[in-house]
Amino acid sequence: MILVNYFARYREQLGSGGEKLPLDADLHTVDDVRQLLMARGETWATVLGESSLMCALNQDLCKLDAVIEDFDEIAFFPQVTGG
């Protein structure tokens, strides 16, 4: 089981703050999870397909090719800027 969290405007656009997903044999990386979620439909594909998408694995920034394991926490969020 993995925990997937959505933050900032992604939470609003997807209508969810997060969910638990079973870790099956087809899920090896953060990108595999992203692709699975994007297959849910247009809104999911638009949000998680953004070129500026940021992700974290177990609260550490990561790239989409980061390898996942059972009980990991993945977070997706938009790029933020500050001043």
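For the structure itself, look to the data block above.
Residues numbered from 1 in each chain as written. Predicted model: local features only at pLDDT ≥ 70, side-chain atom pairs only at ≥ 80, totals over all residues. Heavy atoms only, no water.

Q: What am I meant to see in the sheet that holds strand β1 (residues 2–6) here?
A: The pairing of strands in a sheet happens through backbone hydrogen bonds and is either parallel or antiparallel. Read across the sheet, five strands follow the order β2-β1-β5-β3-β4 without closing on themselves; strand pairing throughout is mixed. If you trace the sheet from one side to the other, it starts and ends with β2 (18–21) and β4 (60–62), each paired once. Between one strand axis and the next, the sheet turns through 25 degrees on average, direction left out of account. As defined by bridge partners, strand β3 (residues 54–57) adjoins β4 across three bridges and the pair is classed as antiparallel. Within β4, the residue paired with Ala-56 across the bridge is Leu-61. On top of the sheet, helix α2 (residues 30–38) reaches β1, β2, β3, β4 and β5 (73–77); it is set at about 60 degrees to β5, its chief contact. (Pairing = 2+ DSSP bridges. Helix = DSSP H or I, 4+ residues; strand = E, 2+ residues; numbered from the N terminus. Axes fitted to C-alpha atoms, helices over the stretch in contact; angles between N-to-C directions. Contact = heavy atoms within 4.5 Å.)

Q: Quick question: what am I supposed to make of the side chain of Glu-19 here?
A: Following the sequence through the fold, Glu-19 ends up in strand β2. For Glu-19, a relative accessible area of 19% translates into the label buried. Among the polar contacts made by the side chain of Glu-19, one reaches the side chain of Tyr-6 at a distance of 2.6 Å. A polar contact of 2.7 Å, which involves the side chain of Glu-19, links it to the side chain of Arg-40. Beyond its immediate sequence surroundings of up to four residues, Glu-19 is in contact with Ile-2, Leu-3, Val-4, Tyr-6, Leu-37, Arg-40 and Trp-44. (Buried < 20%, exposed > 50% of the residue type's maximum accessible area, 1.4 Å probe, protein only. Polar contact = N/O pair within 3.5 Å; in protein donor to acceptor, adjacent residues only side chain to side chain.)

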